[in-house]
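Coordinates in review
These are the residues of each chain, in order.
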Amino acid sequence: MSVGDRQAGQPFTPPPDVHVTRDVMVTMRDGVRLATDIYRPAVNGKPVDVARPVLLERTPYDKTGVNHGDRTRRNPTPRSKPELAVDFVRGGYVVALQDCRGRYASEGVFEKYLNEGKDGVDTIDWLIHRPWCDGKVGTLGLSYGAHVQSALACLDPPGLAAMFLDSGGFSSAYHSGIRQGGAFELKQATWAYRHALLSPATQADPARRAALEAQDLAAWFKAMPWSEGRSPLAAAPEYEAYLLDQWRNGLFGPYWKQNGIYARGAYEAYSDVPVVHMSSWFDPYSVTAIENFLGLSTRKHSPVKLILGPWTHGQRSVTHAGDVDFGPAAPLDGALAEDYVSLRLAWFDAWLKSPGGADPLPPVKLFVMGGGSGRKTAEGRLDHGGAWMDATTWPPAGVTVTDLFLGADGSLSRQPSKAEAAFREYTHDPSHPVPTIGGAIASGAPVMEAGAFDQREAPGVFGCQAPYRRLADRDDVLVFQTRPLERDVTVAGPVTVRLHIASDCVDTDFMVKLIDVHPPSEDYPDGYAMNLSHGVLRARYREGFDQETRLEPGRVYPITIEAFPTANRFMKGHRIRLDISSSNFPHFDVNPNSGEPEGYGRSPRVATNRVYMDQDHPSRVLLPILAPEPPSVEGGAI
């Protein structure tokens, strides 16, 4: 179930100690009214007239619906927002649940991300003037429910007193979340289609609904790029319009600096209130959480916290991500609090009820993956294992950035190449891209799945075909790996790749993937290549994302790829591997290599791309290795 999916069932009936006022229409500054449900403490169904702090959740996913992650380790059945509101009311709060503009019971037209700051400010202003509010508002929410929090915090509204952002709150949507390295994240397309189907306009128009339901999304993904009236969203033009705007705005300019998608530009103005930024290694918002933590913790007086788990988007109460299990310690439940509700109650109690009281969280709480048996669990997943650690900052103290150099023989080692001229090349054919197999993805169904997987093609995975080869065996993937490690190596921090590249085309992409290679075992005779982190750079943006500079075919250029962060313990006997290719589809749109404007690539070309690795072109990956750091070993192991 994806974020925002609603379970069918009977209307929610509050218990006698909770009173609900449904669909209070709160007027925004432009006259649009947003539907808001108010949950208050009650006695025998009658509200108690005592002012309390308010917890506000704004959502495009239906204020009466169910989020897939709102479960506990003990109870795998997700609970509805009204059910969770009861828990918070019983914890001593008033709860306000609001449908975002143009969604469900609210008025107006939905435009993804860009109205949420002002609407949030206006909602808080309305709340603090109610007699049942004590003047303090805390905000919470997952995914889009985190994006809306950051949008309003950038405008510093009076009354905002504490925040808990779960998997969202764009630091810069251009750099991660909508685009990355200049490439477009196609989860935006799957999200747009799914939620166009759920929009009020679709529910009210049977013809529009039938037109949307008739679309074959997988077929459309094979017929890119899209355009006005030629997309699976043609029957929902408002969703089609914003999606094409995101896709075609390739330069980092004014479009990407709007409120709601660019907190980086508002850190000075950002509300100085206690805030938690939570994400996970297989979530597309780990970069956002880290950047917001670093950007705010150095500027604000209020506590700023960072939590990074081993989960996929919002799945904080399970032990696995994709096909890999991280052990009994992996869930939030039991590691940070009894469950997610308890953690948030402790956070808001500390700052809304008794400021200056016990702080429930260290500055940084992160899960270091690795350390498991490498065997197959009873559920059929790889036992990779892992453990939590506390830190005072990010990256954790004791990290040393270590260069591992690429060798023409496929090695990855501490020793830079002494060759006078060396390179490896491959062909990138836009019509046969490398398929996406897991990763930091959200809302990707039905064409992609988040998490950790063995990097090999498989039945049912979009773009894969028999005989389902290992990605390492593809001609358009370059593989570089260490010898089997002689001792454990822990990586914890950002991952950077610096390459020297050339192409016979004027533009192309370079994709990287950091992989933990488990050795062969009885359960995995070929070993297991587990993806950890990915990165991409569209070559036209190599000199800056605010400018486009075409490649001169055959010329060698240095490029830097900022990959996603990770924390992983590479066990003795494992290998550290870096894969390089020019596609990762459908996670990202495929570069046509033609230099055409973003979103208009109708004349694709096949590119021959090179990566150089010699004494004048020392291509390398920079790994943040956590002490104790193992010594260099002759022959390429570290």
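Residues numbered from 1 in each chain as written. Predicted model: local features only at pLDDT ≥ 70, side-chain atom pairs only at ≥ 80, totals over all residues. Heavy atoms only, no water.

A short note on unusual backbone geometry
What counts here: The way it works is that DSSP assigns letters per residue, a run of H or I at least four long becomes a helix, a run of E at least two long becomes a strand, and they are numbered from the N terminus. Exposure categories follow from relative accessible area, calculated using a 1.4 Å probe and restricted to protein chains: below 20% of the type maximum is buried, above 50% is exposed, and the middle band is partly exposed.
Each neighbour pair has its own omega, and for Ala-466 with Pro-467 the value is 15°, a cis peptide bond. The topology assignment puts Pro-467 in the loop between β19 (423-428) and β20 (478-481). Omega for the peptide link from Phe-585 to Pro-586 comes to 20°, which places this bond in the cis form. The backbone of Asn-44 sits at a positive phi, close to 55°, despite the residue not being glycine. Here Asn-44 is to be found in the loop between β2 (33-43) and β3 (46-47). A residue is classified by how much of its surface remains accessible, and Asn-44, at 70% relative accessible area, is exposed. Phi at Ser-443 takes a positive value of approximately 55°, unusual for a residue other than glycine. Here Ser-443 lies in the loop between β19 and β20. Take Ser-443: its relative accessible area is 16%, and that puts it in the buried class.

Comments concerning the nonpolar core
For the record, the criterion: We call a set of buried Ala, Val, Leu, Ile, Met, Phe, Trp, Tyr and Cys residues a nonpolar core when their side-chain atoms join them within 4.5 Å. We call two residues in contact whenever any of their non-hydrogen atoms come within 4.5 Å of each other.
The biggest cluster of nonpolar side chains holds 125 residues, and the ones touching the most others in it are Phe-164, Leu-499, Met-530, Ile-576 and Ile-580. Not counting residues up to four positions away in its chain, the partners in contact with Leu-499 are Leu-406, Val-512, Tyr-557, Pro-558, Ile-559, Ile-561, Ile-580, Val-611 and Ser-619. Listed in part, the 43 residues of the second largest apolar core include Tyr-144, Val-148, Trp-226 and Ala-450.

Brief notes about helix α9 (residues 286-297)
The condition is simple: Here a helix's expected span is defined as the number of its residues, less one, multiplied by 1.5 Å.
Here α9 spans 16 Å end to end across 12 residues, near enough to the 16 Å set by a 1.5 Å rise per residue. The element α9 is largely enclosed, with a buried count of nine among its 12 residues. Every buried residue belonging to α9 is among Ser-286, Val-287, Thr-288, Ala-289, Ile-290, Asn-292, Phe-293, Gly-295 and Leu-296, and all of these are buried. Structurally, α9 contributes buried residues whose contacts are with β10 (275-282), β11 (304-312), β14 (364-369) and β24 (557-570).

Some remarks on the sheet that holds β20
To keep things clear, this is the line we draw: Only when DSSP finds a minimum of two bridges between them are two strands counted as paired. Structural elements are reduced to axes, namely lines fitted to C-alpha atoms, with helices fitted over the stretch in contact, and the angle between N-to-C directions of any two is expressed from 0 to 180 degrees.
Strands sit in the order β20-β25-β22-β23 across an open sheet of four strands; the sheet is antiparallel. Since the sheet does not close on itself, it has two edges, and those belong to β20 and β23 (528-538), each with one partner. Adjacent strand axes in the sheet meet at a mean angle of 20°, parallel and antiparallel pairs treated alike.

Observations concerning the pattern of salt bridges
Any two side chains of opposite charge can pair, given that their charged atoms come close. Definition in use: Salt bridges, as used here, are contacts in which a Lys or Arg side-chain nitrogen is within 4 Å of a carboxyl oxygen on Asp or Glu.
Under the counting rule described, the total for this entry stands at 40 salt bridges. Between Asp-49 and Arg-40 there is a salt bridge, with the nearest N and O atoms lying 3.1 Å from each other. Classification of Asp-49 by relative accessible area gives exposed; the value is 73%. One connected set of salt bridges, linked through shared partners, spans Arg-179, Asp-509, Arg-538, Asp-589 and Glu-598.

Here we look at the environment of Cys-505
Here Cys-505 shows up in the loop between β21 (489-503) and β22 (509-518). The class of Cys-505 is buried, set by a relative accessible area of 0%.

Regarding the pairing of strand β7 (residues 160-166)
Of all seven residues that make up β7, seven are buried, and the element is covered over most of its length. Looking at chain direction, strand β6 (residues 133-142) and β7 are connected through six bridges and run parallel. Bridge assignment links Val-137 to a residue of β7, and that residue is Leu-160. Bridge count for β7 against β10 is four bridges, and the pairing is parallel. For Leu-165, the partnering residue across the bridge sits in β10 and is His-277.

Observations concerning the confidence of the model for the protein
Applied cut-off: One confidence number per residue, pLDDT, is output by the predictor and ranges from 0 to 100.
Summing up the model confidence of the protein, the mean pLDDT is 95 and the portion of residues at 70 or higher is 97%. Predicted confidence for residues 1-9 stays below pLDDT 50, and this span has 23 contacts to residues more than four positions away or in other chains. Here residues 629-636 scores under 50 on pLDDT; set against residues more than four positions off or in separate chains, the count is 18 contacts.

Side note on the sheet that holds strand β12 (residues 320-321)
Within a sheet, each strand pairs with its neighbour through backbone hydrogen bonds, oriented either parallel or antiparallel. The strand order across the open sheet formed by three strands is β12-β13-β15, and the pairing between neighbours is mixed. Edge strands, defined here as strands with exactly one partner in the open sheet, are β12 and β15 (382-383). Judged from the two bridges that link them, strand β13 (residues 324-325) and β15 form a sheet pairing that is parallel. What sits directly across from Val-324, in β15, is Leu-382.

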